[in-house]
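Geometric and topological summary
Here is what each chain is made of, one letter per residue.
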Amino acid sequence: MPVSLLWAVDVYGRVYSLSTAGQQWEQCRDAQMEVKRVTAAQQCCWGIACDNNIYLNVHASDLSIRYQEETYENQRWNPVDGFSERLLPSDRWQWSDVTGLKHQPLDDFRLPSSSWEWEGDWCVDENFEGEPTEKAGWTYSIDFPAAYTKDKKWNSCVRRKRWLRYRRYNAMDTWAKIPSQQTTLPDPFSDISCGGWEITEEPRGRLSLWAVSLQGKVWFREGICHHNPEGSLWDEVALPGEVVQISCGPGDLVWAVLWEGQLIVREGIGRDCPKGTSWVLVDSPSPDVGATHVAVGTNVVWALTKDYKVWFRRGVNSHNPCGSGWISMVGEMIMINVGLNDQVFAISCEDRAVYYRQGVTSSELSGKTWKAISVPRDGERSHSSASANSLQSAGRFFSGEECAQSAASDVESDTEKGSTDGASCLVTSTPPSSHVEAPTDLSDQPMETPKPRIPKVTSDSFISELVSDREPAKTLREGRAVGPAVLEEETIPGEEQVKAPCDGVALSPSRSAGPFDPQWSNVDLEEAQSQQAQTGAVLDTADTCSLSSVATYTLAMEDPYGADEHPLWAWVSGGGCSVDSHSQLNWFNFSMNTSSLVQSVQSMSLSVTPAQTAAWRKQIFEQLSERTKRELDNFRHYEQAIEQSVWVKKGTMQWWRDWKPHKWMDVHFALEQFSGAEGNKDGILFIYYNFYEEKKYLHAIINEVTILVPVLNDSKHTFAIYTPERTKQRWPIRIAAATELEMNDWLALLSVTCSESRGIRGPPSKQAIWSITCKGDIFVSEPSPALEAMPYPTPCDQMFWRQVGGHLRVVECNSEGIVWGIGYDHTAWVYTGGYGGGIFQGLASSTDNIYTQVDVKSVYIYENQRWNPVTGYTNRGLPTDRYMWSDASGLHECTKTNMKPPSPHWTWVSEWATDYSVSAGTDREGWQYAADFPASYHGYKTMKDFVRRRRWARKCKLTTTGPWQEVPPITLSDVTILPCAAQSQVDVVPLWAISNKGEVLCRLGVTALTPAGSSWLHVGTDQPFKSISIGAASQVWAIAKDGSAFYRGSVSQQSPAGDSWYHIPSPSKQKLKQVSVGRTSVCAVDENGNLWYRQGLTPSYPQGSSWEHISTNVRKVSVGPLDQVWIIADKVQGSHSLSCGTVCHRLGVQPLEPKGQSWDYGIGGGWDHVTVRGNSMEPPRISLRSLTDRSALAPGSPLPVRNTEVNSNAV
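This write-up is about the structure you can find in this document. In this text the structure is predicted, and so the values were computed from the model without any measurement.

On a plain count of helices and strands, the chain comes out with ten helices and 75 strands. Residue burial in the chain is summarised as follows: out of 1211 residues, 50% are buried. For the chain, the proportion of contacts with a sequence separation of at least 24, taken over those separated by at least 6, is 60%. Summing over all exposed atoms, the chain offers an accessible surface of approximately 57,600 Å²; the carbon and sulfur share of this is 51%.

The omega torsion across K660 and P661 is -5°, close enough to zero to call that bond cis. By the element assignment, P661 lies in the loop between β36 (646–656) and β37 (664–675). One non-glycine residue, S1034, adopts positive backbone phi at about 55°. On the secondary structure map, S1034 appears in the loop between β61 (1025–1031) and β62 (1035–1040). Judged by relative accessible area, S1034 falls into the buried class, the value being 15%.

A few words on the pattern of salt bridges. If you walk through the whole model with that rule in mind, you get 29 salt bridges. Close ionic contact of D91 with R76 constitutes a salt bridge, the shortest N to O distance being 2.6 Å. Placement of the pair is D91 in the loop between β8 (82–84) and β9 (95–96) and R76 in strand β7 (residues 66–78), with a sequence separation of 15 residues. Considered together, D91 and R76 belong to a single accessibility category, that of buried residues. With a closest N to O distance of 2.0 Å, K1155 and E1108 form a salt bridge. With K1155 in the loop between β73 (1142–1147) and β74 (1158–1161) and E1108 in strand β68 (residues 1106–1111), this residue pair connects regions lying 47 residues apart in the sequence. Take K1155: its relative accessible area is 24%, and that puts it in the partly exposed class. With a relative accessible area of 25%, E1108 lands in the partly exposed category. It is possible to trace a salt-bridge network through shared partners that takes in R66, E117, E119 and R168.

Moving on, we come to the nonpolar core. Counting 36 residues, the largest nonpolar core has W820, L972, W992, V1000, W1016, F1025 and W1061 as the members making the most contacts within it. Among the elements of the structure, β47 (819–822), β48 (828–831), β57 (972–977), β58 (991–995), β59 (1000–1004), β60 (1015–1019), β61 and β62 are those that each provide at least two residues to this core. Element by element, the count of residues in this core is highest for β58, at four residues. When sequence neighbours within four positions are dropped, the list of residues in contact with W1016 reads D62, W820, I970, L972, L991, A993, L1001, C1002 and R1003. Within the second largest apolar cluster, 34 residues are counted, among which are L18, C28, V38 and Y55.

With respect to the helices and strands, the residue N814 is situated in the loop between β46 (810–813) and β47. Classification of N814 by relative accessible area gives buried; the value is 0%. In terms of polar contacts, N814 uses its side chain to reach the backbone carbonyl oxygen of L978, at 3.1 Å. When sequence neighbours within four positions are dropped, the list of residues in contact with N814 reads K766, I977, L978, P979, C980, V989, R1173 and G1174.

Let us look at a nonpolar patch on the surface. A surface patch of nonpolar side chains, about 340 Å² in accessible area, is lined by W616, I620 and L624. Relative to the helices and strands, L624 is located in helix α7 (residues 610–632).

Of all five residues in strand β29 (residues 344–348), five are buried, a share of seventy percent or more. Neither face of β29 is exposed, since V344, A346 and S348 on one face and F345 and I347 on the opposite face are all buried. In this structure, strand β28 (residues 325–338) lies alongside β29, joined through five bridges in antiparallel fashion. Considered in β29, the bridge of M333 is made with S348. Between β28 and the antiparallel strand that follows it, β29, lie five residues; N341 among them carries a positive phi value of about 60°. The sheet contact formed by β29 and strand β30 (residues 354–358) spans three bridges and is antiparallel. Paired with A346 across the bridge in β30 is Y355.

Along the chain, H227 falls in the loop between β19 (218–222) and β20 (233–237). Since its relative accessible area comes to 32%, H227 is described here as partly exposed. Spatially, the C-alpha atoms of H227 and R206 are 9.2 Å apart, while their sequence positions differ by 21 residues. Not counting the four nearest positions on each side in its chain, H227 is found in contact with I65, R66, Y67 and W116. Reaching out from H227, the side chain makes a polar contact with the backbone oxygen of R66 at a distance of 2.8 Å.

Before going further, it helps to examine the sheet that holds strand β1 (residues 5–10). Strand order in this open sheet of four strands is β3-β2-β1-β35, and the pairing throughout is antiparallel. With one partner strand each, in any of the chains shown, β3 (25–27) and β35 (569–573) form the two edges of the open sheet. Recorded for the sheet is a direction-independent mean angle of 30° between the axes of neighbouring strands. As paired elements, strand β2 (residues 15–19) and β3 share three bridges and run antiparallel to each other. Among the inter-strand pairings, Y16 is bridged to a residue of β3, identified as Q27.

Once that is clear, we can look at empty space enclosed by the protein. Taken as a whole and judged by the stated rule, the model has seven cavities of 30 Å³ or more. Of the voids in this model, the largest cavity is the one considered here, and its volume is about 200 Å³. As for the largest cavity, its lining consists of 27 residues, of which T39, S193, S247, C248 and N337 are closest to the centre. Tallied by class, residues from the lining of the largest cavity come to 16 nonpolar, ten polar and one charged.

Another point: the packing of aromatic side chains. All chains considered together, the criterion is met by 41 aromatic pairs. Ring centres of W656 and W664 lie 5.3 Å apart, and the angle between their planes is 65°; on these two criteria the pair is classed as edge-to-face. Here W656 falls in the partly exposed class, since its relative accessible area comes to 21%. Ring geometry for W885 versus W952: centroids 6.2 Å apart, planes at 45°, classification tilted. Here W885 is found in strand β51 (residues 885–886), whereas its partner W952 is found in strand β55 (residues 947–962), with 67 residues between them in sequence. Under the relative-accessibility criterion, W952 is labelled buried at 12%. Between the NZ or CZ atom of R159 and the centre of the ring of W138, over which it lies, the distance is 3.9 Å.

For the rest of this paragraph, the subject is the side chain of D855. The residue D855 is located in strand β49 (residues 851–868) in this model. For D855, which is buried and forms no salt bridge, the nearest opposite charge comes from R809, at a distance of 7.5 Å. Within the structure, the side chain of D855 is placed 3.0 Å from the backbone nitrogen of Y824, a separation counted as a polar contact. In terms of polar contacts, D855 uses its side chain to reach the backbone amide nitrogen of D825, at 3.1 Å. When neighbours within four sequence positions are excluded, D855 is seen to be in contact with H807, G823, Y824, D825, W906, C956, K957 and L958.

What follows covers the sheet that holds β46. Spatially, the four strands line up as an open sheet ordered β46-β47-β48-β56, and their pairing is antiparallel. Of all strands in the sheet, those bounded by a partner on one side alone are β46 and β56 (964–966). Across the sheet, the mean angle from the axis of one strand to that of its neighbour is 25°, orientation sign disregarded. Pairing geometry for β46 and β47, over four bridges, is antiparallel. Each bridged residue has a counterpart across the sheet, and for V811 the counterpart in β47 is G821.

With four of five residues buried, β30 lies mostly within the body of the structure. The turn joining β29 and β30, which pair antiparallel and follow one another in sequence, is formed by five residues; a positive phi near 60° is taken by R352. Note: β30 against strand β31 (residues 369–372), four bridges, orientation antiparallel. For Q358, the partnering residue across the bridge sits in β31 and is T369.

Between its first and last C-alpha, helix α9 (residues 740–757) extends 26 Å over 18 residues, near the 26 Å set by a 1.5 Å rise per residue. Inspection of α9 places M743, N744, W746, L747, A748, L750, S751, T753, C754, S755 and S757 among the buried residues, and these make up the whole buried set. At the C-terminal side of α9, G759 shows a positive phi close to 70°.

Rules used in this analysis
- Residues numbered from 1 in each chain as written.
- Predicted model: local features only at pLDDT ≥ 70, side-chain atom pairs only at ≥ 80, totals over all residues.
- Heavy atoms only, no water.
- Helix = DSSP H or I, 4+ residues; strand = E, 2+ residues; numbered from the N terminus.
- Buried < 20%, exposed > 50% of the residue type's maximum accessible area, 1.4 Å probe, protein only.
- Contact = heavy atoms within 4.5 Å.
- Areas by Shrake-Rupley, 256 points an atom, 1.4 Å probe, with all protein chains shown as cover.
- Salt bridge = Lys/Arg side-chain N within 4 Å of Asp/Glu carboxyl O.
- Core = buried A, V, L, I, M, F, W, Y, C linked by side-chain atoms within 4.5 Å.
- Polar contact = N/O pair within 3.5 Å; in protein donor to acceptor, adjacent residues only side chain to side chain.
- Patch = residues over 30% accessible without salt bridge, like charges linked within 9 Å, V, L, I, M, F, W, Y side chains within 5 Å.
- Pairing = 2+ DSSP bridges.
- Axes fitted to C-alpha atoms, helices over the stretch in contact; angles between N-to-C directions.
- 1 Å grid on protein atoms, 1.4 Å probe; cavity = no way out; pocket = protein on both sides within 12 Å on 5 of 7 lines; lining within 4 Å.
- Points joined across faces, edges and corners; volume = space filled by probe spheres on them.
- Nonpolar A, V, L, I, M, F, W, Y, C, P; charged D, E, K, R; others polar.
- Phe/Tyr/Trp six-rings, centres within 6.5 Å; stacked < 30°, edge-to-face > 60°.
- Lys NZ or Arg CZ within 6 Å of the ring centre and 35° of its normal.
- Lys, Arg positive; Asp, Glu negative; His and termini not counted.
- Expected span 1.5 Å × (residues − 1).

That's the geometry; what it means functionally is another story.
See the structure below:
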């Protein structure tokens, strides 16, 4: 789970954040103002300052916020001047937007605020639909508006040119003031709440910001999105009464509290109307006591009443935002907030501490109990350690142990270097045998009563109330005003005189508590410092005892809290805090209780000296060495015992029988494992079944099993067993278990048994080949040196694949052992070097480097309709039409009720919603139109469109474990790593990626020891990209969203991002979708499944000259560091049918024939990704004479022959 932040404001207006991976509150250092309230999202935090202005803090990211401004220059042709700026009166403006309706000259563009800066000057866009334009970016047409082309024709009467300019948001990790509108708001804001980022299919980065003014009005901030984090303007929302507080959830829930104590709920919130349409009144939880505060999440609503009681609203969801009733909860709170995953945070009215609601899950939204977040603020750890040191010194003194003055001085110097953020204490103590001399000029100074220091209180009435009602009995500074520091004095029996430890500090007892009790006093630091500056006297630490010298350290002036007092909180916001009931948080273990420190110090004072510890350690080591020699050396003449045994595991399963009609049969499943005389292990797998009352069996030798694959099935827990022969047939042994646990047990056992029979243990090697199934399971294969040998390589169907825990969609590697992956939710993951996880437990998995991995994907179904003259578009189709609710092909009926997650491992996490992110676009309701089923769909209706369809999406989540660690915070769609040769040494490995938004990124600091790298470097592009690959000599190739190819020039270790992009024309009438670069080869796949090879690559001209076709029916390609070519092929012929998703190896690839000769088919179908970019193992060199000379072969040994397909297609 990525690191996220919990935000809070204390009663003094200071803003703190607490990381989910941290153990202390971090103060926002550059906040030069006092804040009333904050509201957070994952990417930013909003706040209301005491100057009544709204400020925004956008979290720093490696991916900058950039916005592309564009305008069009229009010209018309005339017989005299040719193309000129003279347009017809009915034409568009000379400088306009894309529609031509808005006048947009270059000089009219201004930066929205001081938080933005221009990246450069205006430039011309010289690309048009993936092709380079001629004559400085002009596109031509017959008239405005019409279809434009890049070529000028005889009837081209108008032309236009697109100008681009980028601006960047530079106010990251700082509080930036939101610019006011031209018309100032009538009154300042008193409350603010952000949310709405999960409204159905909203673009990522879209936020809804609601605010309440002091007059009770509600305002909505328009235009907040990723490219415009500040928004554009405030829009007032009509109300049924005066509002005092408002809360907005991640989805479409918005609740507010009225001045009279009632609540109102906003209805009609959706994608096209984020402000909603109307308000609905909801009564207060208690009829006699009005509500004061409300907090909403995705499916929950919590509220507080004036008597601080906590209430939970049941029955709340997107379809019923008002809920059904209130439930009283335990606890008394003054403020409550709901964060991500409906987790709840609150501030107690008793101790002003922040509390976290434990046990909140999707099935139990109300949670179980409140638990206080007990962590220090930054700077308090130094005070805690200083207190421990002083108490430890005291313990040594009272136990009669002396400390050297040099050691005391060292401790003193360390504590004086500590942080001054927390409150500090000064402890002095003089034993009977020692005497502290005070400066004589102290007696001449009068004893003044210190003035109580009241901390500066913000102008907000809510914070003032929090400060004013602090009860003295509930604080550690009893009987005195709030001060910046405390001076503590302990009296020792027999002591005659206690001198002031520092010049100019006056002590006065604040209470009478006996002759030996600690005495507390207030200190006016300003007066003490001025007096100290006048006298110039300095405390002589060399003459003091160890206790006083250890406990003397810097006094903090800006912190109003004592060292042992927790901060008093006024506001908390968890909108950007991503935690759930399974999160491992370190928020509840820290304690600053002085009594526990005293107990630990007392126990430490009884410990042994270092000299005694060293002697004991040496003695124990000698005794263990003698015992080992006595027990082992006397029995070395005996032979080593070798276990020779047979072990059998049986079970009842189901088998998908091989003959027609194919169906599931109940069988007995047995694994017989045995070990040989040399200790090697092997086994046989038996499947016993009945055929016409005759008992038969099917068997497979463990050493011949090449892979065990979990099979995607929505009703059964199935897995497949492949051998070389069954790989050729594309027909594995399919087994179904009764439960998921039983299937995982068998898979783990069989996988470990197969690996041990082949002598494979531990994590994958650096040369391993990685692949991913369409189900998301990860497999690796250890390549043999003969895999790329010529002319007889190791057959692909004999490669052994073993599973690695985790769930990914894309994986890339190199020979340095650096492996990155991307999940279905576009989250980036880096391989940690472990093995196992997932179904593998115990000895089959490493104990460390295994982490929890969560993946989210969307399931799609289609709603189909046909038009008729009477009723228009309805769900009544023709008899030959597809199902009115179907999958994308229309061959399978899929409705909202009968559609299940992809497998039992997945669980639904959302409801069905219209998907607007379909290629070719949709209308406002999500419909796509066409002339008939199936056909080319478009997002607008024409006269010839008789059918339409709409895609619905629902998200599901899978939770597993594996040797993968998340690389936050940017989501990726593609990643590539430099493939290193076996003999090369690269300190920093280049890694490039494409973000989910199509931006090109370069990862810095990637090494074999730090594979995750350090930060992202943004590489500018004029359009979004979708695929990228880096090869030898830092050749970077990429594919844009429009299907065109680009080459990045001048990429090197000194310039890791290169300098410019060079456009590479695509193959004729084809749009490329993926590219892979090796040592000297570049291969690409287009959207029609064609595999292309780039001809003419030379060091002087790395862009190449032309594309040459290699094969068809190709899904993905991977070119390795030796220029080896592997693909995922579709439509591979098997014994029963065509197989889709097969791993194939290109044979005959050599320097003189880089395109290869034929395909060798491996494991499949059902595979979706393969990468061989880590296999830099050079093949063994075979003498051609030994292959052609028959006498060199053993008598009777035939030439090795491998049947392969020699045609150019992967079918």
